Amino acid sequence: MPSHHAPLPLTPTSARKRKKKKSKPRADYNPYESRDTKVMLSDLLNFIKGLWSTCGGKRVIVFTTNHVDNLDPALVCRGRMDMHIQMSYCRFKAFKTLTKNYLGIHVHRLFDAVEEQLKEVKITPVDVAKCLLTAK
């Protein structure tokens, strides 16, 4: 026989019958920090519309995603997102620009080896920049 202090397993039926206690909101409560917050498509579309209507001059608003195929067509339609830019992995030309900008190196004996490696390895320009900054 279970002790009267032991928690009783709740079935869905008994859980619905229990009354929830209303708790007072904490003073430090922030609804935007909740992990359960979900953004609905209509909310996002209204937000974007609000940005456009409050911006008097021309503005550039940047949205990023790793899964462009999963976006709703209403979000990426003309007039809402007019330009789509594919950000690719780092290629040798971008690598040379990064080494010039970060390290001041225009030519190096290892450039040929790096060019061959970049054909096989998938690395973003940001990751290359991080490596160059740590080598500085």
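Note that the coordinates shown come from a computational prediction; the quantities given were computed from them, not determined experimentally.

Some thoughts on the pattern of salt bridges
Under the definition given, this model contains 1 salt bridge. A salt bridge links K119 to E116; the nearest nitrogen and oxygen atoms lie 3.3 Å apart. With a gap of 3 residues between them, K119 and E116 both fall in helix α4 (residues 111-120), about one helical turn apart. Overall, K119 belongs to the exposed group, its relative accessible area being 60%. When its relative accessible area of 44% is taken as the criterion, E116 is described as partly exposed.

Observations regarding the layout of surface pockets
Estimated volume of the largest pocket: approximately 1100 Å³. Forming the walls of the largest pocket are 28 residues, and the residues nearest its centre are F63, T64, T65, H84 and I85. The set of elements that each furnish at least two residues to the lining of the largest pocket consists of α2 (41-54) and α5 (125-135).

Observations concerning the environment of T97
Along the polypeptide, T97 turns up in helix α3 (residues 92-103). A distance of 3.1 Å separates a polar atom in the side chain of T97 from the backbone oxygen of K93.

Here we look at the nonpolar core
Side chains that are nonpolar tend, in soluble globular proteins, to be buried together. Counting 8 residues, the largest nonpolar core is built from C90, F92, F95, L98, F111, L118, V128 and L132. For this core, the secondary structure elements donating two or more residues are α3, α4 and α5. A total of 3 residues in this core trace back to one element, the largest contributor, which is α3. Not counting residues up to four positions away in its chain, the partners in contact with V128 are C90, F95, L98 and I123.

A few points about a nonpolar patch on the surface
A surface patch of nonpolar side chains, amounting to about 420 Å² of accessible area, comprises M83, I85 and M87. Summarising the element assignment, M83 is placed in the loop between α2 and α3. Of the residues examined, M83 reaches a relative accessible area of 66% and is grouped as exposed.

Let's talk about α3
Side chains that are three or four residues apart share a direction in an α-helix, a result of its 3.6 residues per turn. A rise of 1.5 Å per residue sets the reference length of α3, with its 12 residues, at 16 Å; its end C-alpha atoms lie 16 Å apart and thus fit the reference within 8%. Taken together, the buried positions of α3 are F92, F95, L98 and T99. The arc that holds the buried residues of α3, viewed along the axis, is 110 degrees, so those residues lie on one side. Residues K93 and N101 are exposed on α3 and point more than 90 degrees away from its buried face. The inward-facing, buried residues of α3 contact α4 and α5.

Description of the packing of aromatic side chains
Summed over the entire model, instances satisfying the criterion amount to 3 aromatic pairs. With 6.3 Å between their ring centres and 20 degrees between their planes, F92 and F95 make a pair best called stacked. Of the two residues, F92 and F95 are both situated in helix α3; the distance of 3 residues between them amounts to about one turn of the helix. One exposure class covers both F92 and F95, and it is buried. Summarising the aromatic geometry, the rings of F95 and F111 are spaced 5.9 Å apart at their centres and angled 80 degrees between planes, so their arrangement reads as edge-to-face. Here F95 is found in helix α3, whereas its partner F111 is found in helix α4, with 16 residues between them in sequence. Each member of the pair, F95 as well as F111, is classed as buried.

Parameters and conventions
- Residues numbered from 1 in each chain as written.
- Predicted model: local features only at pLDDT ≥ 70, side-chain atom pairs only at ≥ 80, totals over all residues.
- Heavy atoms only, no water.
- Salt bridge = Lys/Arg side-chain N within 4 Å of Asp/Glu carboxyl O.
- Helix = DSSP H or I, 4+ residues; strand = E, 2+ residues; numbered from the N terminus.
- Buried < 20%, exposed > 50% of the residue type's maximum accessible area, 1.4 Å probe, protein only.
- 1 Å grid on protein atoms, 1.4 Å probe; cavity = no way out; pocket = protein on both sides within 12 Å on 5 of 7 lines; lining within 4 Å.
- Points joined across faces, edges and corners; volume = space filled by probe spheres on them.
- Polar contact = N/O pair within 3.5 Å; in protein donor to acceptor, adjacent residues only side chain to side chain.
- Core = buried A, V, L, I, M, F, W, Y, C linked by side-chain atoms within 4.5 Å.
- Contact = heavy atoms within 4.5 Å.
- Patch = residues over 30% accessible without salt bridge, like charges linked within 9 Å, V, L, I, M, F, W, Y side chains within 5 Å.
- Areas by Shrake-Rupley, 256 points an atom, 1.4 Å probe, with all protein chains shown as cover.
- Expected span 1.5 Å × (residues − 1).
- Arc of directions from axis to C-beta.
- Phe/Tyr/Trp six-rings, centres within 6.5 Å; stacked < 30°, edge-to-face > 60°.

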